[in-house]
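Residue-level structure breakdown
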Amino acid sequence: MFKYSFCNLVWFKEELSKSVDRLARFGYDAIDLYGEPSAYKNDEVRQILKNNGLVVSSICALYSNERDLAHPDPKVRKNAQEYVKSVIDMAAEVGALTLGIAPTACMKTEPLASPEDELKWAVEGIQQAAELAETHGIKLVFEAWNRYEHYWLNRVDQCLELMKQVDRKNVGVMGDVFHMNIEETSVADALRNAGSNLLNIHLADSNRAAPGVGHFDFVPVMQALKDINYQGYVSYEILPAAANPFGVLEKGVGEEWLDQYAEQCITHIKNIEKSLLQNTLTI
Ligand code: LER
Ligand code: MN
């Protein structure tokens, strides 16, 4: 029923062909590429994916302080818009269906201007990006990040609200259960509330490791995705423990984050999916 993808952010330092080979071996359908266009040669990406029978489900764009659509400095906003344009171009060239869009930087926990100004700058930048993405048939998605990574979009209902303000038909939302486990009253209800606006999802356990390694219950989440007839990819975004998820990537990861967790992610969730299909799980 579900299609599975994996975000290669955790394999930041690895050659793409090795990552894609691993995903193909464990039965994934797609890859969710971290959004650093200079790290890839798009024709090579297409060839590697074709050779392994995978597609690109999404681009996980990386919004740093220099790529802040809501920054008071127009130069920073312009830089952010240029970055977004470069990831849209990359998404178009590698055939990605969705692309993460953020009103302001990740790891920014306090605003730098008034809420009215930040909202105005962000909406302008996102509308421009949506119009360009539309010409390539790409959908933009807002992802809620927990309070230690963001001061603005912490819950899916806030993403839905911003989606309405942006008011472009190719803009939707995504969930990330690591963040949702911290911020939502009920992860499953928040996904149900997003309904057909939910265009992508990141799964990770409570400690951001592979599902099954922490203590998060994935059964209600998979049931909610089934109930809303979720048509997007179920993507895993697992990351080692760190206050700044990007800092840790520079160092590389331990052996268990490679084959062992890639296999465990898909096996754990496919087992739940199978049980839900056979109706053997009651929640
Ligand atoms: C990106 O998908 C995300 O979830 C952020 O927390 C980046 O670490
Ligand atoms: Mn995520």
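The rules behind these values
Residues numbered from 1 in each chain as written. Chains lettered and ligands numbered in written order. Predicted model: local features only at pLDDT ≥ 70, side-chain atom pairs only at ≥ 80, totals over all residues. Heavy atoms only, no water. Helix = DSSP H or I, 4+ residues; strand = E, 2+ residues; numbered from the N terminus. Rg over C-alpha atoms; globule rule 2.2 N^0.38 Å. Buried < 20%, exposed > 50% of the residue type's maximum accessible area, 1.4 Å probe, protein only. Pairing = 2+ DSSP bridges. Axes fitted to C-alpha atoms, helices over the stretch in contact; angles between N-to-C directions. Donors = N, O, S within 2.8 Å, 3.2 Å for Na, K, Ca; no water. Tetrahedral: all angles 85-135°; square planar, octahedral: opposite > 155°, others 65-115°. Near = heavy atom within 4 Å. Polar contact = N/O pair within 3.5 Å; in protein donor to acceptor, adjacent residues only side chain to side chain. Areas by Shrake-Rupley, 256 points an atom, 1.4 Å probe, with all protein chains shown as cover. Lys, Arg positive; Asp, Glu negative; His and termini not counted. Salt bridge = Lys/Arg side-chain N within 4 Å of Asp/Glu carboxyl O. Disulfide = S-S within 2.5 Å. Right-handed = clockwise from strand over helix to strand, strands pointing away. Contact = heavy atoms within 4.5 Å.

1. A look at the overall build of the protein chain
Within the protein chain, the secondary structure is distributed over nine helices and eight strands. For 283 residues, the compact-globule estimate of 2.2 N^0.38 gives 19 Å, and the protein chain sits close to it at 18 Å. Expressed along its principal axes, the backbone C-alpha trace of the protein chain runs to roughly 50 × 40 × 35 Å. Taken across its 283 residues, the protein chain has 55% of its residues classed as buried.

2. Here's the deal with the sheet that holds strand S4 (residues 98-100)
Read from one edge of the open sheet, eight strands run S1-S8-S7-S6-S5-S4-S3-S2, paired in parallel fashion. Among the strands making up the open sheet, the edge pair consists of strand S1 (3-6) and strand S2 (30-35). Ignoring strand direction, the axes of neighbouring strands in this sheet form an average angle of 30 degrees. For S4 and strand S5 (residues 139-143), the ladder comprises three bridges, and the chain directions are parallel. Residue pairing across strands places Gly100 opposite Val141, the latter belonging to S5.

3. Digging into the coordination of the manganese ion (ligand 2)
Around the manganese ion (ligand 2), the donor atoms from the protein are Glu143 (OE), Asp176 (OD), His202 (ND1) and Glu237 (OE), and they sit 2.0 to 2.3 Å away. In this structure, the manganese ion (ligand 2) is surrounded by six donor atoms whose angles at the metal cover 71 to 177 degrees, and the resulting shape is octahedral. In this structure His202 comes out as buried when scored by relative accessible area, which is 1%. A relative accessible area of 5% means that Glu237 is categorised as buried.

4. Quick notes on the site of ligand 1
The environment of ligand 1 is made up of Cys60, Glu143, Trp145, Glu149, Asp176, His179, His202, Arg208, Glu237, Leu239, Pro245 and Phe246. With respect to ligand 1, the side chain of Glu237 contributes an N or O atom lying 2.8 Å from an oxygen atom. Protein contact buries 99% of the 260 Å² of open area that ligand 1 shows by itself.

5. Describing helix H8 (residues 219-227)
If you check which residues of H8 are buried, you get Val219, Val221, Met222, Gln223, Ala224 and Leu225. Two residues or fewer past H8, Asn229 is found with a positive phi of approximately 55 degrees.

6. Some points on the side chain of Arg77
With respect to the helices and strands, Arg77 occurs in helix H3 (residues 74-94). Buried Arg77, no salt bridge; nearest opposite-charge side chain is Glu124, N-O distance 5.8 Å.

7. Notes on the state of the cysteines
Taken as a whole and assessed by the stated rule, the structure comprises zero disulfides. With no disulfide partner, Cys60 has as its closest neighbouring cysteine sulfur the one in Cys7, 4.2 Å distant. Among the residues examined, Cys60 registers a relative accessible area of 9% and is labelled buried. Unpaired in this structure, Cys106 has its nearest cysteine sulfur neighbour in Cys60, at a distance of 8.8 Å.

8. Section: the pairing of strand S3 (residues 55-61)
Summarising burial for S3: six of the seven residues are buried, a large majority. Pairing of S2 with S3, which is carried by six bridges, proceeds in the parallel orientation. When the bridges of S3 are listed, Gly35 appears paired with Ala61. Handedness of the crossover joining S2 and S3 through helix H2 (residues 42-52) is recorded here as right-handed. On the question of chirality, the crossover connecting S3 to the parallel S4 by way of H3 is right-handed.

9. Points about the pairing of S5
Among the five residues that make up S5, four are buried, leaving the element largely enclosed by the rest of the structure. Traced from S4 through helix H4 (residues 115-135) to S5, the parallel crossover comes out right-handed. Pairing of S5 with strand S6 (residues 171-176) involves four bridges; the strand directions are parallel. If you follow Phe142 over to S6, its bridge partner there is Val173. Handedness of the S5-helix H5 (residues 156-166)-S6 crossover: right-handed.

10. Some points on the environment of Asn200
Within the secondary structure layout, Asn200 lies in strand S7 (residues 198-203). Remark: the alpha-carbon pair of Asn200 and Gly175, spanning 25 residues in sequence, is separated by 6.7 Å. Look past the residues within four positions of Asn200 in its chain and what remains in contact with it is Asp32, Ser58, Thr98, Val173, Met174, Gly175, Tyr230, Tyr233 and Ser235. Engagement of the side chain of Asn200 in a polar contact is seen with the side chain of Ser58, the distance being 3.4 Å.

11. So, unusual backbone geometry
At Met107, a position not held by glycine, the phi torsion is positive, near 75 degrees. Here Arg208, not a glycine, exhibits a phi torsion of approximately 70 degrees, which is positive. Here Arg208 is to be found in the loop between S7 and H8.

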